[in-house]
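Structure at a glance
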Amino acid sequence: MSPITARAAVLRQSGAARPYADSRPLSLETVTLDPPGLGEVLVAIKAAGLCHSDLSVINGDRPRPLPMALGHEAAGVVEALGDGVNDLAVGDHVAMVFMPSCGHCAPCAEGRPALCEPGAAANGRGELLSGRRRIFREGEPLNHHLGCSAFAERAVVSRRSLVKIDPALSFEEAALFGCAVLTGVGAVVNTAGVRAGQSVVVVGLGGVGLASVLGALACGASPVVAVDLSEDKLALARTLGPVHTVNAADPDAVDQVRALTNGGVDVAIEMAGSVRALEAAWKMTRRGGLTVTAGLPPPDAALPVNVVSLVGEERTLKGSYIGTCVPSRDIPRYVALYRQGRLPVDRLMSGTIALDDINTGFDRLHAGEVVRLVVTF
Ligand SMILES: NC(=O)c1ccc[n+]([C@@H]2O[C@H](COP(=O)([O-])OP(=O)(O)OC[C@H]3O[C@@H](n4cnc5c(N)ncnc54)[C@H](O)[C@@H]3O)[C@@H](O)[C@H]2O)c1
Ligand SMILES: [Zn+2]
Ligand SMILES: [Zn+2]
């Protein structure tokens, strides 16, 4: 069998100077892939979205083992199956999920695959769930990014990183479901359990936060308030439905949200990845309110919480990883809502780019010019 090759975007060092169009932290390299092993699948990637979690590895906010082939929000076609994969066929369309779930550890057994312990350990080491690395550059193994490494023409991944999807969906749309949509909608539906008529504020309106806005609207939340530093993002949020907007740079932003929501929101969702945004979200909630955060700031970030307020006002603070989702259950649900027009996630799409333009794409994400750019192959 001839070797499996692919062009892939590889990060060898984090913290490069901007603009990335000049420093080119992602080098486009021809890599060799091992054939898929037991429980693994070779996927021809068709579309891969640029997420802030990729940017955080590039800029060093979230250290990962390097060199690493980046990318984790993707969709493609099954090209070959490893032994033991009996529930997918060559030609199936699949979306990638950035946490493989073993199905057996304590969180998996509790129905919380986003917290899979072997999955998290493998992701931390830059390995597949099998403990193997399958990507090589001239014999040197490269680390996998969150079990996906999807800014590449092909990837070998665990079956446990894939969800089969409706082939009627375009790959660009399908890619977004694996990260932005699962994380953003799931934070509203699963982590917060928002009910019709509850007030919701979303702080941070990238692909993930705008998916939360769509999720809140789909749940019948009212009022829905969207908060960001960028007037362009606020303007986009207003086109999604009955959404109030507040600029986070306004010194009285918290008071504006409290005034719009009769003294404070039931549920605040932080999707900016900054402690400042999380503090604001927390202060925007009413007595008894719930603050959910999915933003991922640098590892040493800490939030001072007033304990008397936490206790005496019965506040709740909850983290949300992959939207507390069960991906094999929730991706088909959110796709169905999308197809009914009730979750128009195509509104998050800012355009498509070629793999060769990926460094410029991350400059544009850093500048806040785009919501979701998608590399197409
Ligand atoms: N928990 C998870 O499972 C998960 C999954 C995906 C992404 N993330 C994290 O979610 C965050 C958002 O990701 P994204 O791809 O949407 O990012 P993005 O860069 O596209 O969007 C972030 C938005 O936050 C805004 N912002 C920054 N500081 C702000 C502040 N103080 N107040 C209000 N708005 C502010 C920015 O203007 C921008 O519009 C990142 O931290 C990312 O790493 C978490
Ligand atoms: Zn992501
Ligand atoms: Zn598990």
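We now turn to the structure provided with this report.

Conventions and cut-offs
- Residues numbered from 1 in each chain as written.
- Chains lettered and ligands numbered in written order.
- Predicted model: local features only at pLDDT ≥ 70, side-chain atom pairs only at ≥ 80, totals over all residues.
- Heavy atoms only, no water.
- Helix = DSSP H or I, 4+ residues; strand = E, 2+ residues; numbered from the N terminus.
- Rg over C-alpha atoms; globule rule 2.2 N^0.38 Å.
- Contact = heavy atoms within 4.5 Å.
- Expected span 1.5 Å × (residues − 1).
- Buried < 20%, exposed > 50% of the residue type's maximum accessible area, 1.4 Å probe, protein only.
- Pairing = 2+ DSSP bridges.
- Axes fitted to C-alpha atoms, helices over the stretch in contact; angles between N-to-C directions.
- Donors = N, O, S within 2.8 Å, 3.2 Å for Na, K, Ca; no water.
- Tetrahedral: all angles 85-135°; square planar, octahedral: opposite > 155°, others 65-115°.
- Parallel < 35°, antiparallel > 145°, perpendicular 65-115°, else oblique.
- Left-handed = near helix turned anticlockwise from the far one by under 90°.
- Nonpolar A, V, L, I, M, F, W, Y, C, P; charged D, E, K, R; others polar.
- Near = heavy atom within 4 Å.
- Polar contact = N/O pair within 3.5 Å; in protein donor to acceptor, adjacent residues only side chain to side chain.
- Areas by Shrake-Rupley, 256 points an atom, 1.4 Å probe, with all protein chains shown as cover.
- Patch = residues over 30% accessible without salt bridge, like charges linked within 9 Å, V, L, I, M, F, W, Y side chains within 5 Å.
- Salt bridge = Lys/Arg side-chain N within 4 Å of Asp/Glu carboxyl O.
- Core = buried A, V, L, I, M, F, W, Y, C linked by side-chain atoms within 4.5 Å.
- Domains from an automatic or database assignment.

A closer look at the overall build of the protein chain
When helices and strands are tallied, the protein chain shows 12 helices and 18 strands. Over its C-alpha atoms the protein chain spans a radius of gyration of 20 Å, differing by no more than 12% from the 21 Å that the globule rule assigns to 377 residues. Its C-alpha atoms give the protein chain principal-axis dimensions of about 65 × 45 × 40 Å. Within the protein chain, contacts between residues at least 6 apart in sequence are counted, and of these 71% link residues at least 24 apart.

Comments concerning helix α6 (residues 207–218)
Helix length check: α6, at 12 residues, gives a terminal C-alpha distance of 16 Å against a target of 16 Å (1.5 Å per residue), a fit within 8%. Of all 12 residues in α6, 10 are buried, a share of seventy percent or more. Downstream of α6 by one or two residues, Gly220 has phi in the positive range, about 80°.

Quick look at the sheet that holds strand β14 (residues 265–270)
Paired through their backbone hydrogen bonds, the strands of a sheet run either parallel or antiparallel. The parallel open sheet is built from 6 strands, whose spatial order is β13-β12-β11-β14-β15-β16. Both outer strands of the open sheet, β13 (243–247) and β16 (316–319), are each paired with one neighbouring strand and no more. Averaged over all pairs of adjacent strands, the angle between their axes in this sheet comes to 20°, without regard to strand direction. Examined bridge by bridge, β14 and strand β15 (residues 285–293) share 5 bridges and lie parallel to one another.

Notes on the coordination of the zinc ion (ligand 2)
Between any two of four tetrahedral donors, the ideal angle at the metal is 109.5 degrees; between two of six octahedral donors, it is 90 or 180 degrees. Every protein donor of the zinc ion (ligand 2) is listed here as Cys51 (SG), His72 (NE2) and Cys179 (SG), and their distances to the metal cover 2.0 to 2.3 Å. Read in sequence order, the donor residues coordinating the zinc ion (ligand 2) give the pattern C-x20-H-x106-C. Of this pair, Cys51 sits in the loop between β3 (40–49) and α2 (52–58) while Cys179 sits in helix α5 (residues 171–191); the two residues are 128 residues apart in sequence, bridging distant segments of the chain. Given the relative accessible area of 3%, Cys51 is considered buried.

Looking at the sheet that holds strand β2 (residues 26–33)
An order of β1-β2-β7-β8-β4 is seen for the 5 strands of this closed barrel, with the pairing classed as mixed. Alignment of strand β1 (residues 4–11) against strand β4 (residues 68–69), held across 2 bridges, turns out to be antiparallel. Looking at β4, one finds that Val10 is bridged to Ala69.

What to know about the coordination of the zinc ion (ligand 3)
Around the zinc ion (ligand 3), the donor atoms from the protein are Cys102 (SG), Cys105 (SG), Cys108 (SG) and Cys116 (SG), and they sit 2.3 to 2.4 Å away. Here the zinc ion (ligand 3) is ringed by 4 donor atoms whose angles at the metal span 104 to 119°, and the overall shape comes out tetrahedral. Here the donor residues of the zinc ion (ligand 3) share one chain and are spaced in sequence as C-x2-C-x2-C-x7-C. You'll find Cys102 and Cys105 in the same group, each marked buried.

A look at the environment of Ala168
Within the secondary structure layout, Ala168 lies in the loop between β10 (162–164) and α5. As a C-alpha pair, Ala168 and His93 span 75 residues in sequence and 9.4 Å in three-dimensional space.

Focus on the packing of α5 against α6
Close contact between α5 and α6 brings their axes to 7 Å; oriented N to C, the two are set at 45°. In terms of axis orientation, α5 runs oblique to α6. In this structure, α5 crosses over α6, and the sense of that crossing is right-handed. Where α5 approaches α6, its residues Ala180, Val181, Thr183, Gly184, Val185 and Val188 are matched on the opposing element by Gly207, Val208, Ala211, Ser212, Gly215 and Ala216. Grouping the constituent residues of the contact of α5 with α6 by class yields 7 nonpolar, 5 polar and no charged.

Observations concerning the site of ligand 1
Looking at ligand 1, there are 29 residues lining it, with His52, Ser53, Asp228, Lys233 and Ile322 nearest. Lys233 is positioned with one of its side-chain polar atoms (N or O) 2.8 Å from an oxygen atom of ligand 1. The fraction of the free accessible surface of ligand 1 (870 Å²) that becomes covered by protein chains is 92%. Only α2, α5 and α6 provide two or more residues apiece to the shell around ligand 1. Classifying every residue of the shell around ligand 1 gives 16 nonpolar, 10 polar and 3 charged.

Let's talk about a nonpolar patch on the surface
A cluster of nonpolar side chains, namely Val307, Leu310 and Val311, defines an oily patch on the protein surface of about 260 Å² accessible area. Looking at the element boundaries, Val311 is found in helix α10 (residues 307–312). Val311 sits in the exposed class, given a relative accessible area of 58%.

Let's talk about the nonpolar core
Counting residues in each nonpolar core, the largest one holds 60 residues, and the members touching the most others are Phe177, Ile269 and Ile331. Two domains each put at least three residues into this core: domain 1 (4–180 + 325–376) and domain 2 (193–319). In this structure Phe177 touches Leu169, Leu182, Ile331, Tyr334, Val335, Tyr338 and Val345, once residues within four positions along its chain are discounted. Grouped together as the second largest cluster of nonpolar side chains are 34 residues, Val41, Met96, Phe151 and Ile353 included.

Things to note about unusual backbone geometry
That bond from Arg18 to Pro19 is cis: its omega, 0°, falls within 30 degrees of zero. For Pro19, the position within the fold is in the loop between β1 and α1 (20–23). Look at the link from Ser222 to Pro223: it is a cis peptide, with omega at -10°. Among the secondary structure elements, Pro223 is positioned in the loop between α6 and β12 (224–228). Residue Leu146 is not a glycine yet carries a positive backbone phi of 55°. You can see Leu146 is positioned in the loop between β8 (140–144) and β9 (154–158). Backbone geometry at Ile322 places phi at a positive 45°, although glycine is not the residue there. Mapped onto the fold, Ile322 is located in the loop between β16 and α11 (327–339). Classification of Ile322 by relative accessible area gives buried; the value is 2%.

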